Amino acid sequence: MKRTILAMTLFTIPAWPQAEPPVKPFKYNGNGYTFFSVGTCQHRYTNVGVGGGGEGFIWRGLTIGGEIGYYRFPADRNTGYGVATLGPGYHFVSRKNPAKWDPYVGISVLGLGFAPGGLAAAGSLGGGVNYWFKEKIGLQTGVQIRVIGEEALALFRIGLTFR
């Protein structure tokens, strides 16, 4: 009996470490985000907006992404417009090691603004930081200069980001 218990114990102990699933290595491939923005135009009128987008890494910190949003001037209820943009960005973070802080910059090189008066070219330049308070959920803050047709906006953005 003692030999049977001893044999079972010896055969069972090596199986315990193998029963745990392997840990997947961390890999940051891209992120999606939603945002709320508030700012002003060159005429000093307040502007607010909402939107979302996403980006994927193509090499080291270099990304390619797209964004859609809706912006309006609260003082004029009839002036709302949509924007769709595409462009590159760069994240100053290692894609293989998780980090709480993820600073980034981005530029929109292809963009289109949709307004009641018609279509207009659009673009932006900005940057900010993602703070990852969970492994896959974070807070995004940033500033952006956005141009839509003849209108230029300086915006502060805050939102959630997901990876």
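The following paragraphs examine the structure supplied in this document. (Residues numbered from 1 in each chain as written. Predicted model: local features only at pLDDT ≥ 70, side-chain atom pairs only at ≥ 80, totals over all residues. Heavy atoms only, no water.)

**Examining unusual backbone geometry**
Defined as follows: Counting from the N terminus, the helices are the DSSP runs of H or I reaching at least four residues and the strands are the DSSP runs of E reaching at least two.
Unusually for a residue other than glycine, Arg44 sits at a positive phi of about 70 degrees. Mapped onto the fold, Arg44 is located in the loop between strand S1 (30–41) and strand S2 (46–59). Look at Arg60: it is not a glycine, yet its phi comes out positive at around 45 degrees. Inspection of the secondary structure assignment puts Arg60 in the loop between S2 and strand S3 (62–72).

**Remarks on the nonpolar core**
Put simply, the rule reads: The definition of a nonpolar core used throughout is a set of buried Ala, Val, Leu, Ile, Met, Phe, Trp, Tyr and Cys residues joined through side-chain atoms within 4.5 Å. Buried, partly exposed and exposed residues are distinguished by accessible area as a fraction of the type maximum, computed with a 1.4 Å probe on protein chains only: under 20%, between the cut-offs, and over 50%, respectively. Residues count as neighbours in contact if any of their non-hydrogen atoms are within 4.5 Å of one another.
Membership of the largest hydrophobic core is limited to eleven residues, which are Tyr33, Phe35, Cys41, Tyr71, Phe73, Tyr81, Val83, Ala122, Ile148, Leu153 and Leu155. Residue assignment for this core shows that the elements contributing at least two residues are S1, strand S4 (80–91) and strand S9 (151–162). At three residues, S1 tops the list of elements feeding residues into this core. Not counting chain neighbours up to four residues away, the residues in contact with Phe73 comprise Cys41, Tyr45, Thr46, Asn47, Thr79, Tyr81, Glu151 and Leu153.

**Some remarks on the pattern of salt bridges**
Filter applied, for reference: Salt bridge, as applied in this entry: a Lys or Arg side-chain nitrogen positioned within 4 Å of an Asp or Glu carboxyl oxygen.
Applying the stated criterion to the full structure yields two salt bridges. Between Glu67 and Arg146 there is a salt bridge; the shortest N-O distance is 2.7 Å. Of this pair, Glu67 sits in strand S3 while Arg146 sits in strand S8 (residues 137–148), and the two are 79 residues apart along the sequence. Each member of the pair, Glu67 as well as Arg146, carries the same accessibility label: buried. For Glu67, the salt bridge goes to Arg157, with nearest N and O atoms at 3.0 Å. Taken together, the residues span a long stretch of sequence, with Glu67 in strand S3 and Arg157 in strand S9 at a distance of 90 residues. The pair formed by Glu67 and Arg157 is uniform in burial state, with each residue classed as buried. Here the salt bridges do not stand alone but share partners, grouping Glu67, Arg146 and Arg157 into one network.

**Let's talk about the packing of aromatic side chains**
Cut-off, in case you're wondering: In this scheme Phe, Tyr and Trp rings, the latter by its six-membered ring, pair at centre separations within 6.5 Å, and the angle between planes marks the pair as stacked below 30 degrees, edge-to-face above 60, and tilted otherwise. Put simply, a charge is over a ring when the Lys NZ or the Arg CZ is close to the ring centre, within 6 Å, and near the line of the ring normal, within 35 degrees.
Throughout the structure, instances matching the rule amount to seven aromatic pairs. A ring pair is formed by Tyr71 and Tyr81, whose centres lie 5.9 Å apart and whose planes are at 20 degrees; its orientation type is stacked. Taken together, the residues span a long stretch of sequence, with Tyr71 in strand S3 and Tyr81 in strand S4 at a distance of ten residues. The same class applies to Tyr71 as to Tyr81, namely buried. Aromatic side chains Phe73 and Tyr81 sit 6.2 Å apart centroid to centroid with 45 degrees between the ring planes, which places their arrangement in the tilted category. Taking relative accessible area as the criterion, Phe73 reaches 10% and is therefore assigned buried. An aromatic cluster of at least three residues, connected via ring pairs, comprises Tyr28, Phe57 and Trp132. Across the ring face of Phe35, the terminal group of Arg157 is positioned such that the distance to the ring centre comes to 3.8 Å. Its guanidinium or amino end placed over the ring of Tyr28, Arg163 lies 4.9 Å from that ring's centre, counting from NZ or CZ.

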